[in-house]
Amino acid sequence: MNRFSRITLMLLVATCLVSCRAKTENTAAGSGGYEFPIEAGKYRILGIRTDNTDHARAKQNAESAIANNPNLKAMVGLWAYNPPMILSAVEGANKVGEIQIIGFDEDEVTLKGIEDGKVYGTVVQQPFVFGYKAVELLSAMVRGQKLDIPDSNLVFVPYKTIRKDNVGEFQAELKRINAGSGTPPPHNQPEYDTSEKVKIAFLTNTVDPFWNYAHEGVHVAEKEFNAECEVYDPPNGTQEEQKRFVERKMGDGCQGLAMSPSSPESQTDLINKAVEAFHGNLLCHDSDAPHSKRKMYIGTHNYLAGRAVGKLVKEAVPEGGDVMIFVGLMEQLNAQERSAGVIDELMDKPIPPEIAQYLPKDQQPTEEKPTEEPTPEKGADEKPMNEEQPADGKAAEEK
C-alpha cells in the first residue's frame, strides 16, 4: 500500500473512530453511520442533523433540537450557513448565553455573533487561497510545468480559530479581500512562464457567501497567471447541476477543472471521465474525492479542523453537557471528517500518527522521555534540559 493509500485509509478510519450507542432519528437523517447519543466523558453528543443545504430546514433543525432537548448546552454548525441559522433559533428561544454556539467558516452573521458575545467562536478556512491556488496550479498543469506537490497529492491550507479577541482583525482581513486587495499566498514555484493563455474552470458545490472569497482568489490569480477561469456555483447545490457544468466544460475547449464534489463516491465516474477529457488536469478543492483519479486536493484538513471545533466546545462548555451537531450533507467528505474530528476531540481520542503529521510542528505528538534523576549539579526542582514542554496550541492553529 503506497503512502497516499495509507493516508486516505487513515482519514476514513478516523471518521469511524466513535463509540456507538442507542439509535435516534439522526441516524436516518444521514448521520454518517453513527449511533447516538454518544457518551464522551463530560459530554453527550445527541446527534448530527442534516438539511440538504436548505437554509430554512437548517433553522427548523436547530429549533427542533432546542425544543426537544432541554439540557442542550452546545450547538455546533459545520457548514457556513449553519451557525447563523442556529443563532436565529437560539435567539428565538431566548437561550442566548444558555446555549453556546460554535461554528465553522466566516459567515458575517457568525462573525458579528462572536463580536456581540452570542457565538463563542468559529474555525475558518481560507477560501481566497483555495481559489488562488487552484488557478495557479491548474495553469501550471495545463502548461506542463513542474510543481512541488507532496507524494500524498494533498495540499493543505491552514485553518484559523476565531474568538472574540481576534474577530476584529479577521473581519478587517475579509474586507481587504472583498475590496480586491487580498494578499496572495506564496507561489509553488519561484517563476512561471505565463505567455500562453489557459482556459480553466472553478466549480463550487452551492451558492454561499463563503464562495465569494474563493471567487476573489480566482480573479486575483487570473491576472497573475494569464488564465481565463469560469466560476460556477450550482444554484441548488445538486449533483445534477454539477454534472451538467462538468459535461459542458468537457466540450467547450476548457483545459482544466477545479471541483468541489458534493457527493464524492457517487461522482467518481464523472470525475474520472473529466480527468480523461482534461488530460489529467483536474483537482478537487474544499471537499475531496480520494478514490477518483483527480490529480490533487487543495483545502483544509477537515478532520484536524473538526478537532479544533471540538476544542472550542470544550472551552465554551468546560463543565460538559449535551451537544448537537448540524451540517448540510453527510455524503460530502468534508462533513464526515469535520464531524469525526469534533466527536473524537470530545472523546479525547488520540490523533492517529498518519494524521498528526499534518499538525503544526509545535502540536505534533512527541515520544515521552524518561525523567532524569536529580544530580548534585541539577536540583530536584529543576526540569531536565531535554524534557518536552506542553504547548497550548492556540497560536499554531491560527498560523
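### Remarks on the packing of helix α11 (residues 302–316) against helix α12 (residues 333–346)
The contact between α11 and α12 brings their axes to 7 Å, and the two run at 40°. Between α11 and α12, the angle falls in the class oblique. The two elements α11 and α12 cross, and the hand of that crossing is right-handed. Each of Asn302, Tyr303, Gly306, Arg307, Val309, Gly310, Lys311, Val313 and Lys314 in α11 lies in contact with α12, whose residues at this interface are Asn334, Glu337, Arg338, Ala340, Gly341, Val342, Asp344, Glu345 and Leu346. Across the contact of α11 with α12, the residue classes tally to 6 nonpolar, 5 polar and 7 charged.

### As for the sheet that holds strand β5 (residues 121–124)
A sheet is described by the order of its strands in space; here 7 strands give the open sequence β1-β2-β13-β3-β4-β5-β7, paired in mixed fashion. Looking at strand neighbours, the two that pair on one side only are β1 (38–40) and β7 (160–162), the edges of this open sheet. Each adjacent strand pair in this sheet contributes to an overall mean axis angle of 20°, direction not counted. Sheet strands in contact with α12 are β1, β2 (43–50), β4 (100–104) and β13 (321–327), and its direction is about 170° off that of β2.

### Quick look at the confidence of the model for the chain
Note: predicted coordinates in regions of low pLDDT should not be interpreted at a detailed level. Of the residues in the chain, 83% reach a pLDDT of 70 or more, and the chain-wide mean stands at 86. Scored below 50 in pLDDT, residues 1–31 shows 72 contacts in the model against residues more than four places distant or in partner chains.

### Some thoughts on α11
Its 15 residues give α11 an end-to-end C-alpha distance of 21 Å, which sits within 8% of 21 Å, the value for a rise of 1.5 Å per residue. Buried residues dominate α11, accounting for 12 of its 15 residues. For α11, the set of buried residues is Asn302, Tyr303, Leu304, Ala305, Gly306, Arg307, Ala308, Val309, Gly310, Leu312, Val313 and Ala316.

### A short note on the state of the cysteines
Disulfide: a covalent bond connecting the sulfur atoms of a pair of cysteines. Applying the stated criterion to the full structure yields 0 disulfides. For the unlinked cysteine Cys229, the closest cysteine sulfur is that of Cys254, found at 7.9 Å. Of the residues examined, Cys254 reaches a relative accessible area of 8% and is grouped as buried.

### Some points on unusual backbone geometry
Omega for the bond connecting Phe36 with Pro37 falls within 30 degrees of zero, at 0°, which places this linkage in the cis form. With respect to the element layout, Pro37 can be found in the loop between α2 (25–28) and β1. A positive phi is found at His279, a non-glycine position, where the angle reads about 55°. For His279, the position within the fold is in the loop between α10 (268–277) and β11 (282–285). With phi around 70°, Asp286 is a residue other than glycine that occupies positive phi space. Among the structural elements, Asp286 can be located in the loop between β11 and β12 (297–299). A residue is classified by how much of its surface remains accessible, and Asp286, at 4% relative accessible area, is buried.

### Some details on the packing of aromatic side chains
In the structure shown here, the tally under the stated rule is 9 aromatic pairs. Between Phe130 and Phe210, the ring centres sit 6.4 Å apart and the planes meet at 70°, which makes this aromatic pair edge-to-face. Placement of the pair is Phe130 in helix α6 (residues 127–142) and Phe210 in helix α8 (residues 209–225), with a sequence separation of 80 residues. Here Phe130 and Phe210 have matching classes, each one buried. For the ring pair Phe210 and Trp211, a centre distance of 4.9 Å and an interplane angle of 80° mean the geometry is edge-to-face.

### Let's talk about the sheet that holds strand β9 (residues 227–232)
Sheet strands associate in pairs through backbone hydrogen bonding, adopting either a parallel or an antiparallel arrangement. Strand order in the open sheet formed by 6 strands is β6-β12-β11-β10-β8-β9, and the pairing between neighbours is parallel. Of all the strands in the sheet, just β6 (154–156) and β9 have a single pairing partner and so form its edges. Taking the axes of each pair of neighbouring strands and ignoring which way they run, one obtains an average angle of 20° across the sheet. As paired elements, β11 and β12 share 2 bridges and run parallel to each other. Of the residues in β12, the one forming a bridge with His285 is Ile298. The sheet strands contacting α6 are β8 (198–203), β9, β10 (256–259), β11 and β12, and the helix crosses β8 at an angle near 145°.

### Notes on the environment of Gln255
By the element assignment, Gln255 lies in the loop between α9 (239–250) and β10. Placed 113 residues apart in sequence, Gln255 and Val142 show a C-alpha to C-alpha distance of 6.5 Å.

### Let's talk about α9
An α-helical segment advances 3.6 residues per turn. Residues three or four places apart therefore align on the same side. Helix length check: α9 (12 residues) gives 16 Å between terminal C-alpha atoms against 16 Å at 1.5 Å per residue, within 8%. Among the residues of α9, those classed as buried are Glu241, Gln242, Phe245, Val246 and Lys249. Buried residues of α9 fall within an arc of 130° about the axis and therefore sit on the same side. At its buried positions, α9 is contacted by β8, β9, β10 and α10.

Reading the values: the criteria
Residues numbered from 1 in each chain as written. Predicted model: local features only at pLDDT ≥ 70, side-chain atom pairs only at ≥ 80, totals over all residues. Heavy atoms only, no water. Axes fitted to C-alpha atoms, helices over the stretch in contact; angles between N-to-C directions. Helix = DSSP H or I, 4+ residues; strand = E, 2+ residues; numbered from the N terminus. Parallel < 35°, antiparallel > 145°, perpendicular 65-115°, else oblique. Left-handed = near helix turned anticlockwise from the far one by under 90°. Contact = heavy atoms within 4.5 Å. Nonpolar A, V, L, I, M, F, W, Y, C, P; charged D, E, K, R; others polar. Pairing = 2+ DSSP bridges. pLDDT = per-residue confidence, 0-100. Expected span 1.5 Å × (residues − 1). Buried < 20%, exposed > 50% of the residue type's maximum accessible area, 1.4 Å probe, protein only. Disulfide = S-S within 2.5 Å. Phe/Tyr/Trp six-rings, centres within 6.5 Å; stacked < 30°, edge-to-face > 60°. Arc of directions from axis to C-beta.

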